[in-house]
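Architecture at a glance
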Amino acid sequence: MITRADTLARAATLRATFEAAGAVPVETPILQPADTLLDLYGEDIRARAYITSDALRGEQMLRPDFTVPVVEMHMSHGAEPARYTYSGEVFRRQEHDPDRANEYIQVGYEVFDRANPAAADAEVFTLFAQAVAPLNLRAATGDIGVLMAAVRGLRTTDARKAALLRHIWRPRRFRALLERYAGRLPVAAQRARLLEGALSDDAPLIGKRSQAEIDARVALLRADAAEPPLNGAEVDLLDALLNVRETMPYALAQLRDIAVDLPSIAAAVDGLAARAEALAASDVDVDGLPFEASFGRTSMEYYDGFVFGFFSAQRADLPAIATGGRYDALTRRLGNGAEIPAVGGVLRPGLMLELEAQA
Ligand SMILES: N[C@@H](Cc1c[nH]c[nH+]1)C(=O)O
């Protein structure tokens, strides 16, 4: 039986290794403002946050992660470049699986450094790989920036691109949207009648939306339906991209092939190549490192570049033992005009102890 004291002791050791790597220890309050910050996490965490109200401070949530408060802290008074480490509880409701913890300890490491993003990605990945090395975990890597660049490069309206970008995090809805925009889905009868204007305008208002809001939405849907379908070849390229799942050198070769016809991803693929070189320079076995273009699509919505995770092959029921990624745009959203490239990750010492106890 692993006790809370065991977990805290391991967390302290792990945090000390991050301090030894140059990180400054920081603390963040457990109660965070929910109204302004919750949006940054995305649907999954929004639905799982513990929220409570406060007459003076407005809605408050129990910290669902450290990255957002650490970014806020750094952007308000941090010097550059900066490396931070922390350890403490995060809270996430579990709606389906009573065996998954709704409160657990994370130990994190975050880098704010504009000098060399590929090197910073490699630094973070290597530190986490070393921390979990005795556990023999399976590594996963991906790059949300490649997906975003692919969507931004589609020859279609800004509204369609914005909708696809929003749904990168919901793979099934993304797929449905893509097929609809490509004209590959039959239009449901009800929707067809709405688009034709055949639905009566004097239907009773039974929902929360006003008539004006409904009219605006219908107008948008009609405008969208009048757009030509997405180019079939581009959709096939996007599909090929989403399916890339190889070791790093083969993944890079496939992505380079795709970039010939989808040049919008070229810069992001160059970034991936630079990262692979930086990883190799830090002694990571890049030839055997998995890369999966769709990895990270169900995690924190603030990621916009490199994403990684470490999983137990024997205990596939466990969530990631370590995860992280790059979140450049988040620093801009919290930066009041400032921004800085940033990347980091967390370990779960409780899960590490659980795996060691079984070995
Ligand atoms: N905060 C993320 C992990 C992370 C830290 N830095 C970047 N990513 C999480 O809780 O999953």
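Each remark here, short or long, concerns the structure printed above.
Residues numbered from 1 in each chain as written. Predicted model: local features only at pLDDT ≥ 70, side-chain atom pairs only at ≥ 80, totals over all residues. Heavy atoms only, no water.

**Brief notes about the site of the ligand**
Neighbouring the ligand are 16 residues; Asp-65, Thr-67, Arg-92, Glu-110 and Tyr-303 lie closest to it. Contact distances for the ligand include 2.8 Å between a nitrogen atom and a side-chain N or O atom of Thr-67. Here the ligand has 300 Å² of accessible area as a free molecule, and 96% of this is covered by the chains. Looking at the shell around the ligand, the elements that each hand over two or more residues are strand S6 (103-112), strand S11 (322-326) and strand S12 (342-347). Of the residues in the shell around the ligand, the class split is six nonpolar, seven polar and three charged. (Near = heavy atom within 4 Å. Polar contact = N/O pair within 3.5 Å; in protein donor to acceptor, adjacent residues only side chain to side chain. Areas by Shrake-Rupley, 256 points an atom, 1.4 Å probe, with all protein chains shown as cover. Helix = DSSP H or I, 4+ residues; strand = E, 2+ residues; numbered from the N terminus. Nonpolar A, V, L, I, M, F, W, Y, C, P; charged D, E, K, R; others polar.)

**Observations regarding the pattern of salt bridges**
Here the structure, examined in full by the defined rule, presents 27 salt bridges. Salt-bridge contacts for Asp-121 lead to Arg-326; the nearest nitrogen and oxygen are separated by 2.8 Å. Placement of Asp-121 in helix H5 (residues 117-132) and of Arg-326 in strand S11 is noted, with a sequence separation of 205 residues between them. Judged by its relative accessible area of 2%, Asp-121 is buried. (Salt bridge = Lys/Arg side-chain N within 4 Å of Asp/Glu carboxyl O. Buried < 20%, exposed > 50% of the residue type's maximum accessible area, 1.4 Å probe, protein only.)

**Some points on a positive patch on the surface**
Together, Arg-166, Arg-180, Arg-209 and Arg-217 line one region of the surface with positive charge. Mapped onto the elements of the fold, Arg-180 is located in helix H8 (residues 171-181). A relative accessible area of 32% means that Arg-180 is categorised as partly exposed. (Patch = residues over 30% accessible without salt bridge, like charges linked within 9 Å, V, L, I, M, F, W, Y side chains within 5 Å. Lys, Arg positive; Asp, Glu negative; His and termini not counted. Charge placed at Lys NZ, Arg CZ, Asp CG, Glu CD.)

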